[in-house]
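Here are the chains, one letter per residue:
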Amino acid sequence: MEKSTKCAVCYKSFRPSICVDCVNRGLNEYKVKLDSLKSLREVSYFRLSGLLVTKEKAISQRCWKELQNEKLAKLREKLQLQVEKLQQSKNTFRSLSRNLKERYGIIESTNVALEESRVHQLENHYSDTIGNHYLVYIDLTSERLYKQALVMKQICKLFPLSRVTVEGQNKDGSSVQYDQICNALLPQGLNPLSVPPKELAASLGYMVQLLNLVVHKLSVPALHNLGFAGSCSRIWERDSYWNSYPSSPSNGYPLFVPIHDHYSFEEKSSWTGRDTTNFGVTSLKSDGSIEEDYHDLDLDVVSLSSASPHSVETFRNLQQGIAHLKQSVAHLTVYGYRSLSLEVPSGTSTFETFAKLLATLSSLKEVQSGLSLGLSR
C-alpha cells in the first residue's frame, strides 16, 4: 500500500494538503520529479542532437559522393571523347606521314634526275662556255698586267730607285753602300745623320710620292697616311688598318729636318755613328715578315753634344717618321710579292727589296710567270 505523505488531519479530511508541512513536502517531491525529468530530457536532447549531427554528416557525405561520382562520370565521358579524338588524330597523322614520305621520295628521285641532267649538260654543252670565259679572264688579266707594267715602267723612270756605293764615307775611308732615289741618298737604317739634311728631305719626299703612286695604281692597302710636300713631307699613323683617316692630323711625323733645327744640327752638334746601318727596319725576313728593331731608336747611336731639347725631340720624331716610312715600304713589298705568288727576297735592305719588286712589276714576262704559277697552284 502506498504510504501517504499527508499528515493525519489532511489524510482523514480527504482534501488537498492544507498544512504547511504537507504542502512543502508535496512541492519538494514535485521538484525532485521535475529535476529528474529535466535531466532525462537534457540527456535525450543531447542524444538526439548527436544522432541528428551524425545523420546530417552522413547525408552530406552521401551528397558529396554522389556529386563526385557525377563529376567522375563526366570526366570519364570526356576522357573517352579525347581518346577517340587522339586516335583519330593519330590515324590522320599516319596517313599524312605516309603521303609525305611518298612525296619526298618522288622529290628526291626528281632531284637526283635533275642533278644527273645538270652534270650531263655541263659536261656536254657548257664546257666550251667555261673555257671561253676562262680565256676571256686570261685575256683581260693579261691586258691589265700589260698596262700595269707600262705604268710601273714609267713610274720607275720618274723615280729611279737603285743601290749605289759611296767612297770614303766611313772613318777609315772605306766605301759604304746606300739606297738612292732620283740621285738622292736615302738614310741607312733609321739614322737620319747618315746623309745630309737637304738630301735626306729630298730623298724621303721622293719616296713618299713614289709610295703614293704605287698604292694608287696597284690599288693596294696602305699602312700609313703619306703626305707629299716636296722636301717637307710627313707621315701619319692610322687609328686602325680599316680607317683611312690619321689618328691626329696635327701629330704627323716629319720626314725632314725643320729650318730652325737645320743649322743647329749642322753647326752645334757633333754627329757620330754616320756609318750605323744595323738598326731599325733594314730588311725583310725570308718568310716575308718585317725585321723591326726599335730599341735603337734612342739617341745612343749618336751624340748630340750641344743640341737643345727641342732639337733632340725633332731628331726622335724624324727617326719615328723614317721607321713608319720603312714599315709602309716593307708591307707594300710583302703584299706585292704575295699577290704575284712569289717569295720575298732575303738578305737585302728594305728599299733594295722594294726596288726589285718595282722591276718585277715593270716586266710583263715576270708578272705573267707569277700569274701562271698562282693559277697553277
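Residues numbered from 1 in each chain as written. Predicted model: local features only at pLDDT ≥ 70, side-chain atom pairs only at ≥ 80, totals over all residues. Heavy atoms only, no water.

**Remarks on unusual backbone geometry**
Most peptide bonds are trans, and most residues other than glycine sit at a negative phi. Counted only if it meets this: Helix numbering and strand numbering both begin at the N terminus, where a helix is a DSSP run of H or I of at least 4 residues and a strand a DSSP run of E of at least 2. We call a residue buried when its accessible area falls under 20% of the maximum for its residue type, exposed when it is over 50%, and partly exposed in between, using a 1.4 Å probe and counting protein chains only.
A positive phi is found at asparagine 183, a non-glycine position, where the angle reads about 65°. Positive phi, normally seen in glycine, also occurs at serine 219, with a value near 55°. Along the chain, serine 219 falls in the loop between α3 (197–218) and β4 (225–227). By relative accessible area, which is 59% here, serine 219 ends up exposed.

**Observations regarding α3**
The condition that has to hold: Each helix should span, by expectation, one fewer than its residue count multiplied by 1.5 Å.
With 22 residues, α3 extends 31 Å from end C-alpha to end C-alpha; this agrees with the ideal 32 Å at 1.5 Å per step. Residues Pro197, Leu200, Ala201, Ser203, Leu204, Gly205, Met207, Val208, Leu210, Leu211, Val214 and Leu218 constitute the buried set of α3. Count one or two residues on from α3 and you reach serine 219, which has phi positive near 55°.

**Quick look at the pattern of salt bridges**
Test applied: Salt bridge, as applied in this entry: a Lys or Arg side-chain nitrogen positioned within 4 Å of an Asp or Glu carboxyl oxygen.
Counted under the stated rule, the structure contains 5 salt bridges. Several salt bridges converge on common partners, so that one network encompasses Arg163, Asp179 and Glu352.

**Quick word on the nonpolar core**
Here is the rule: We define a nonpolar core as any set of buried Ala, Val, Leu, Ile, Met, Phe, Trp, Tyr and Cys residues linked to one another through side-chain atoms lying within 4.5 Å. We call two residues contacting when some pair of their heavy atoms lies within 4.5 Å.
Of all hydrophobic cores here, the largest spans 44 residues; its most connected members are Met207, Leu210, Leu211, Val214, Leu325 and Phe354. At the level of elements, α2 (20–158), β1 (161–166), β2 (176–181), α3, α5 (309–339) and α6 (350–362) are the ones that each hand at least two residues to this core. In this structure leucine 210 touches Ile155, Phe159, Ile181, Phe354 and Leu358, once residues within four positions along its chain are discounted.

**Thoughts on α6**
Turn by turn, an α-helix covers 3.6 residues, leaving residues three or four places apart pointing in a common direction. The terminal C-alpha atoms of α6, which comprises 13 residues, lie 19 Å apart, in line with the 18 Å expected from a rise of 1.5 Å per residue. Most of α6 sits inside the fold, with 10 of its 13 residues counted as buried. Along α6, the positions that sit buried rather than exposed are Thr350, Phe351, Thr353, Phe354, Ala355, Leu357, Leu358, Thr360, Leu361 and Ser362.

**Things to note about the sheet that holds β1**
Quick reminder of the rule: In this scheme, strands are said to pair when DSSP sees at least two bridges between them. Axis definition: a line fitted to C-alpha atoms, over the contacting stretch in the case of helices. Angles run 0 to 180 degrees between N-to-C directions.
With antiparallel pairing, 3 strands are arranged side by side in an open sheet as β1-β2-β3. The open sheet has two edge strands, β1 and β3 (184–185), and neither has a second partner. As defined by bridge partners, β1 adjoins β2 across 6 bridges and the pair is classed as antiparallel. Residue pairing in the sheet places leucine 161 in a bridge with isoleucine 181 of β2. Sheet contacts for α6: β1 and β2; angle to β1, the most-contacted strand, approximately 140°.

**Considerations on the sheet that holds strand β5 (residues 234–236)**
The sheet built from 3 strands is open, its strands ordered β4-β5-β6 with antiparallel pairing. Of all strands in the sheet, those with a lone pairing partner are β4 and β6 (253–254), marking the two edges.

**Some details on a nonpolar patch on the surface**
What counts is decided by this rule: What makes a patch is a set of residues exposed beyond 30% relative accessible area and free of salt bridges, joined within 9 Å when like-charged and within 5 Å when nonpolar (Val, Leu, Ile, Met, Phe, Trp, Tyr). In short, Shrake-Rupley with a 1.4 Å probe defines the accessible areas, and a residue's cover is counted only from the protein chains shown.
Together, Leu34, Leu37 and Leu40 give the surface a local cluster of nonpolar side chains, amounting to about 320 Å² of exposed area. Structurally, the position occupied by leucine 40 is in helix α2. For leucine 40, a relative accessible area of 52% gives the class exposed.

**Remarks on the packing of α3 against α6**
What counts, and what does not: Put simply, angles under 35 degrees are roughly parallel, angles over 145 are roughly antiparallel, angles from 65 to 115 are roughly perpendicular, and the rest are oblique. With the far helix as reference, a near helix turned anticlockwise by less than a right angle produces a left-handed crossing, and one turned clockwise produces a right-handed crossing. Put simply, Ala, Val, Leu, Ile, Met, Phe, Trp, Tyr, Cys and Pro go in the nonpolar bin, Asp, Glu, Lys and Arg in the charged bin, and everything else, Gly too, in the polar bin.
Packing of α3 against α6 leaves a shortest axis separation of 13 Å and a crossing angle of 40°. In terms of orientation, α3 and α6 fall into the oblique class. As α3 packs across α6, the resulting crossing turns out to be left-handed. Contact with α3, carried on its side by Met207, Leu210, Leu211, Val214 and Leu218, involves Phe351, Phe354, Leu358 and Leu361 of α6 and no other residues of that element. Each residue belonging to the contact of α3 with α6 can be placed in one class, and the counts come to 9 nonpolar, no polar and no charged.

**A word on the UniProt feature "coiled-coil region" (unreviewed entry) in the chain**
Applicable threshold: UniProt positions are given in the numbering used here, feature names are shortened, and annotations may be inferred rather than shown by experiment.
The feature "coiled-coil region" (unreviewed entry), as given by UniProt, occupies residues 65–103 in the numbering adopted here. Across residues 65–103, the secondary structure splits into 100% helix and 0% strand, with the terminal C-alpha atoms separated by 56 Å.

**Some thoughts on the side chain of serine 328**
Following the sequence through the fold, serine 328 ends up in helix α5. Owing to a relative accessible area of 8%, serine 328 belongs among the buried residues under this scheme.

**A closer look at the pairing of β2**
Where burial is concerned, most of β2 is hidden: 5 out of the 6 residues are buried. For β2 and β3, the ladder comprises 2 bridges, and the chain directions are antiparallel. Bridge pairing in β3 places isoleucine 181 opposite alanine 184.

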